[in-house]
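Coordinates in review
Chain by chain, the residues run as shown.
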Amino acid sequence: VTLGATTVGFDAAFHDWMATTQAQVETTLAAELHASTTLPHRLHSAMRYAALGGGKRVRPLLVFAAGEIVDAPASALRKAAVAIELIHVYSLVHDDLPCMDNDTLRRGRPTCHVEYDEATALLVGDALQTRAFELLVSADDSALTPAHQLELVRILAHAAGSCGMAGGQAIDLDSVGKALSVAELELMHALKTGALIRAAVLMGAACGKTTLTPAASEQLDRFAKRAGLLFQVVDDILDCTGTTATLGKTAGKDAANDKPTYVNLLGLTAARELAETLRNDALQALSAIGAQTGRLNALTCFIAHREF
Ligand code: IPE
Ligand code: IPE
Ligand code: MG
Ligand code: MG
Ligand code: MG
């Protein structure tokens, strides 16, 4: 990940950690997805195409960073990180379909339905989703106890479903061409994107050897919700200010699709101010937790100041 001029809020050591963790996620994903030589070849090849070789891996990074607060074993965090990334990739593949956002570019390459075909892209999403849960509950698991497995499945299933990401996507599709109130837009964003970002943090914390106090749990959840909303506010801003080359996806697509966003509701300046407020709120929640939140702090700054 190159960050250009926006190295605000984190240092070279954090940058190295990010690169190392992203590489580890790539390796684990490559190992956990079936080979393209496994039948059916085309489906497995398309799943690998969608999941490998791109993306910032922000949700896995959040899993690992949150895991540091509770001294979680790396083997457990790897499972949780890969599971949530698979759900995220599935959401992107479906989000890009002609019946949804109708996008042709993703992570700098043709979208899954363009490279393969629509029916395959539909099945890629279905199969990535079930693979995520299969990984979390594998029977031969030394990384996760049954209690940990159950808790991770509960968090991820809720976040991906109709009261989380899928529900937010439904509101998004229903909102095309409509003027939403700030409260309605916040709900849409909190669900379609915020839910999985929040889940990443909660899953990292759920892998712990130690558990958080109720007060610390509450602050971590407050952090996770703020960071989730922040992520989509910045996505809205970048859709408007970024270039297709930098974003790796078609710039200006929200306006072209007549989507309600923070930029068209509040204007660019107020949307940027909101992002700053959310970042500060998120950081404040972290400071109330105290120990071992340095990586989450730096990741929040990355999310706020990223260029793609
Ligand atoms: C894009 O997510 C879609 C949203 C939920 C806003 P990311 O910006 O995390 O996309 P990748 O994974 O880095 O490609
Ligand atoms: C993404 O929202 C929400 C998802 C669940 C994928 P967007 O539609 O704004 O994401 P991009 O901009 O296409 O990545
Ligand atoms: Mg969308
Ligand atoms: Mg989209
Ligand atoms: Mg977007």
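Residues numbered from 1 in each chain as written. Chains lettered and ligands numbered in written order. Predicted model: local features only at pLDDT ≥ 70, side-chain atom pairs only at ≥ 80, totals over all residues. Heavy atoms only, no water.

**Topic: the coordination of the magnesium ion (ligand 3)**
Geometry reference: four tetrahedral donors at a metal, ideal angle 109.5 degrees. Six octahedral donors, ideal angles 90 or 180 degrees. The coordination sphere of the magnesium ion (ligand 3) contains the protein donors D95 (OD) and D101 (OD), at a distance range of 2.1 to 2.2 Å. Here the magnesium ion (ligand 3) and the magnesium ion (ligand 4) are spaced 3.1 Å apart, with D95 acting as a shared donor. Residues D95 and D101 agree in their burial class; the two are buried. (Donors = N, O, S within 2.8 Å, 3.2 Å for Na, K, Ca; no water. Buried < 20%, exposed > 50% of the residue type's maximum accessible area, 1.4 Å probe, protein only.)

**Description of the packing of aromatic side chains**
The tally for this structure, following the rule as stated, stands at two aromatic pairs. A ring pair is formed by Y49 and Y116, whose centres lie 5.6 Å apart and whose planes are at 65°; its orientation type is edge-to-face. Here the residue Y49 occupies a position in helix 2 (residues 41-51), and Y116 occupies one in the loop between helix 5 (112-115) and helix 6 (118-136), the gap between them amounting to 67 residues. Of the two residues, Y49 and Y116, neither departs from the other in class, the shared state being buried. The ring of F231 has R59 sitting right over it, with the charged end atom 5.0 Å from the ring centre. (Phe/Tyr/Trp six-rings, centres within 6.5 Å; stacked < 30°, edge-to-face > 60°. Helix = DSSP H or I, 4+ residues; strand = E, 2+ residues; numbered from the N terminus. Lys NZ or Arg CZ within 6 Å of the ring centre and 35° of its normal.)

**A look at the site of ligand 2**
The environment of ligand 2 is made up of S91, L92, D95, D101, R106, M165, Q169, K192, T193, Q232, D235 and K249. The separation between an oxygen atom of ligand 2 and a polar side-chain atom of R106 is 2.7 Å. Note that an oxygen atom of ligand 2 is positioned 3.1 Å from one of the side-chain N or O atoms of D235. Its free accessible area being 390 Å², ligand 2 has 93% of it covered by the protein chains. Of all the secondary-structure elements, those providing two or more residues to the shell around ligand 2 are helix 4 (74-95), helix 8 (165-174), helix 9 (182-206) and helix 10 (214-241). Top element by residues in the shell around ligand 2 is helix 4. It accounts for three residues. Looking at the shell around ligand 2 residue by residue, the class counts come to two nonpolar, four polar and six charged. (Near = heavy atom within 4 Å. Polar contact = N/O pair within 3.5 Å; in protein donor to acceptor, adjacent residues only side chain to side chain. Areas by Shrake-Rupley, 256 points an atom, 1.4 Å probe, with all protein chains shown as cover. Nonpolar A, V, L, I, M, F, W, Y, C, P; charged D, E, K, R; others polar.)

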